[in-house]
Amino acid sequence: MRFPSDHSREPEALRTVGVEEELLLVDPRTGRPAPAIELVLAAAASDDVAALVPEAAGVTHLERESKREQIEVISVPHTSLSDLARSVMAGRTLADAAAQQLGLRAAAMATSATAGPTQLTVSGRYSAMEERFQGMMREQLTCGLHVHVGVSDDSEGVAVLDRIRPWLPLVLALSANSPMWNGADSGYASQRYQVWSRWPTAGPYDTFGSPADYHRTVDELLATDVLVDEGMIYFDARLSPRYPTVEIRVADVCLEATHSVAIAGIIRALVTTAAHEWRSGFSPDPLPTPVLRLAMWSASRHGVTGPLLNPILGKPSAPDVAIDALLAHIAPALSASGDLDRVSRMVADVFTNGTGAERQLRALHARRSARALVEEAIEQTHRSIGPSSSVLDPLPI
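Residues numbered from 1 in each chain as written. Predicted model: local features only at pLDDT ≥ 70, side-chain atom pairs only at ≥ 80, totals over all residues. Heavy atoms only, no water.

A.B. asks: Outline the overall build of the protein, supporting the account with residue identities and numerical values.
C.D. replies: Tallying secondary structure elements over the protein gives 15 helices and eleven strands in all. Computed over the C-alpha atoms, the radius of gyration of the protein is 20 Å, within 12% of the 21 Å expected from 2.2 N^0.38 for a compact globule of 397 residues. For the protein, the C-alpha atoms occupy an extent of roughly 55 × 50 × 40 Å along the three principal directions. Sequence separation of 24 or more characterises 79% of the internal contacts of the protein that already satisfy a separation of 6 or more. Surface summary for the protein: the accessible area is close to 15500 Å², and the carbon and sulfur share equals 54%. Taken together, the 35 basic and 48 acidic charged side chains of the protein have centroids lying 4 Å from each other. (Helix = DSSP H or I, 4+ residues; strand = E, 2+ residues; numbered from the N terminus. Rg over C-alpha atoms; globule rule 2.2 N^0.38 Å. Contact = heavy atoms within 4.5 Å. Areas by Shrake-Rupley, 256 points an atom, 1.4 Å probe, with all protein chains shown as cover. Lys, Arg positive; Asp, Glu negative; His and termini not counted. Charge placed at Lys NZ, Arg CZ, Asp CG, Glu CD.)

In structure tokens form, the structure reads like this:
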């Protein structure tokens, strides 16, 4: 049984939070993904692009991903969501400015709107993954939002992983932004999660109980010789193999930067709440992993338009009721960090105007072409994050 969050707890120091956003590189004339990552990264490193986006210096950087049609935008860690917002928008603007040097754009779409082959990024690791996983790797072109939140050590990190499990379907539902697959409406709000779930270790995980059990599980998985390396531990949330953080990997990349930042705020509040529960002696919710897997499926299928698992009740609720339970659970942490208003506005926007998936489909049905969908996605990707941001308006095509 879950214990309600304790609204009387003492405030703690704000945890750091950083994000990794995977964006598609697209040709705006056709709407198709463009295999151009090497040229885009070279353009981003040029003095000309640096001069166009000076606000990106020191707060964000760009990296390759597994496919040449995508780019990863990585923020530095922040304690302020306002600072994170500037990093996220600067990263999107930098990626787009570099892409525009080649007549391309960077779009926050978690799957492509069009069908077609993809190209593997040149890398020994990615080649090894293709050799082992064959068509699964060749078809894999999905873009996620990975959120890193600071933890003190592995003991706190594993305690957090054990306690955030039941809430992760709601994070996926709010972020859903991938309705398209092979050029058609997939019927899923997050087709990305469906495609991603084909990887052997992807998806929900059992509670671990201790760092020793977590690392033992990882070692046992690696010992099967199915995975290429530890980077393929694709749990919905995991201890970062590189940073002193927990890494939550369930979210689609969000169409709007404001939504990405609010999702990061929700996740930080979940981590803060879980750490408090652990220190207070509250046990993790014993939700069976098969039930959690079905809850993730429902979130992927419907976004916020269908029933979602309500961890407080232990059964599905109407989507607004389930999301209200999430907000009530993390409200003390959001209030302590000053993020309650930002997150509440994002949630209200999702229920009023739709998730990214709903917005993409509206554009598709209104204008009847994948290219039009991509044009609108580009516009929303680079929409100004607000008057407090110093980021420039998007560059013209």
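After presenting the structure, the write-up continues.
A.B. asks: Which residues make up helix H1 (residues 37-44), and what values do they have?
C.D. replies: Residues of H1 that are buried: Ile-37, Val-40, Ala-43 and Ala-44. Projected onto a plane normal to the axis of H1, the buried residues spread over an arc of 125° and lie on a single side. Contact partners of the buried residues in H1: strand E1 (17-26), helix H2 (47-52), strand E2 (60-64), strand E3 (70-75) and helix H3 (81-100). (Buried < 20%, exposed > 50% of the residue type's maximum accessible area, 1.4 Å probe, protein only. Arc of directions from axis to C-beta.)

A.B. asks: Go over helix H6 (residues 154-164), please, and point to the residues and values.
C.D. replies: Along an α-helix, residues three or four apart share an orientation, since each turn contains 3.6 residues. Among the eleven residues that make up H6, nine are buried, leaving the element largely enclosed by the rest of the structure. The inward-facing, buried residues of H6 contact helix H7 (168-175), helix H9 (211-223), strand E8 (237-239), strand E9 (245-252) and helix H10 (257-279). At the N-terminal boundary of H6, the capping side chain belongs to Asp-153, with an oxygen 3.2 Å from the backbone nitrogen of Ser-155. (Polar contact = N/O pair within 3.5 Å; in protein donor to acceptor, adjacent residues only side chain to side chain.)

A.B. asks: With reference to specific residues and values, describe the packing of H10 against helix H12 (residues 319-337).
C.D. replies: Where H10 contacts H12, the two axes come as close as 8 Å, and the packing angle between them is 95°. On the basis of their axis angle, the class for H10 and H12 is roughly perpendicular. The residues of H12 that touch H10, namely those facing Gly-265, Ile-266, Arg-268, Ala-269, Leu-270, Thr-272, Thr-273 and Glu-277, are Leu-326, His-329, Ile-330, Ala-333, Leu-334 and Ser-337. In terms of residue class, the contact of H10 with H12 is built from seven nonpolar, five polar and two charged. (Axes fitted to C-alpha atoms, helices over the stretch in contact; angles between N-to-C directions. Parallel < 35°, antiparallel > 145°, perpendicular 65-115°, else oblique. Nonpolar A, V, L, I, M, F, W, Y, C, P; charged D, E, K, R; others polar.)

A.B. asks: With reference to specific residues and values, describe the packing of aromatic side chains.
C.D. replies: For the structure shown, the criterion picks out ten aromatic pairs. Aromatic pair Trp-199 and Tyr-234: ring centres 5.9 Å apart, planes at 70°, arrangement edge-to-face. Here the residue Trp-199 occupies a position in the loop between helix H8 (191-196) and H9, and Tyr-234 occupies one in the loop between H9 and E8, the gap between them amounting to 35 residues. A relative accessible area of 3% places Trp-199 in the buried class. Between the aromatic rings of Phe-208 and Phe-235, the centroid separation amounts to 5.9 Å while the plane-to-plane angle is 35°, which identifies the pairing as tilted. Of the two residues, Phe-208 sits in the loop between H8 and H9 while Phe-235 sits in the loop between H9 and E8, which places them 27 residues apart along the sequence. Note on accessibility: Phe-208 and Phe-235 belong to one class, buried. Ring pairs connect the aromatic residues Phe-133, Trp-196, Trp-199 and Tyr-234, which therefore count as one cluster. The ring centre of Tyr-188 lies 6.0 Å from the NZ or CZ of Arg-301, which sits over that ring. (Phe/Tyr/Trp six-rings, centres within 6.5 Å; stacked < 30°, edge-to-face > 60°. Lys NZ or Arg CZ within 6 Å of the ring centre and 35° of its normal.)

A.B. asks: If you had to explain the nonpolar core to someone new, which residues and values would you point to?
C.D. replies: Membership of the largest hydrophobic core comes to 74 residues, with the highest contact counts inside it found for Ile-164, Leu-174, Trp-199, Val-246, Ile-248, Ile-263 and Ile-266. No other element matches the twelve residues that H10 contributes to this core. The contact partners of Ile-164, leaving out residues within four places of it in the chain, are Tyr-205, Ala-237, Ile-248, Leu-270, Val-271 and Ala-274. In terms of nonpolar packing, the next biggest core, distinct from the first, is built from 40 residues, Val-53, Leu-141, Cys-143 and Leu-361 among them. (Core = buried A, V, L, I, M, F, W, Y, C linked by side-chain atoms within 4.5 Å.)

A.B. asks: How would you explain the pattern of salt bridges if you had to name every residue and give the values?
C.D. replies: If the charged atoms of two oppositely charged side chains come close together, the side chains can form a pair. For the coordinates displayed, the defined rule picks out 21 salt bridges. Here Arg-105 and Asp-96 are joined by a salt bridge, their closest N and O atoms 2.8 Å apart. Take Arg-105 and Asp-96: they sit in the same class, and that class is buried. Arg-279 is the partner of Glu-156 in a salt bridge, and the nearest nitrogen-oxygen pair spans 3.5 Å. (Salt bridge = Lys/Arg side-chain N within 4 Å of Asp/Glu carboxyl O.)

A.B. asks: Give a detailed account of the pairing of E2, specifying residues and quantitative values.
C.D. replies: Bridging between E2 and E3 involves five bridges; their strand directions are antiparallel. Along E3, the bridge assignment pairs Thr-60 with Ser-75. Between E2 and E3, which follow one another and run antiparallel, lie five residues. (Pairing = 2+ DSSP bridges.)

A.B. asks: Before we move on, could you go through the state of the cysteines and cite the residues and values that matter?
C.D. replies: Scanning the model with the defined rule gives zero disulfides in all. There is no disulfide at Cys-143, and the cysteine sulfur nearest it, in Cys-254, is 12 Å away. A relative accessible area of 0% places Cys-143 in the buried class. According to the relative accessible area criterion, Cys-254 is buried, its value standing at 2%. (Disulfide = S-S within 2.5 Å.)

These figures come from the coordinates and say nothing about function on their own.
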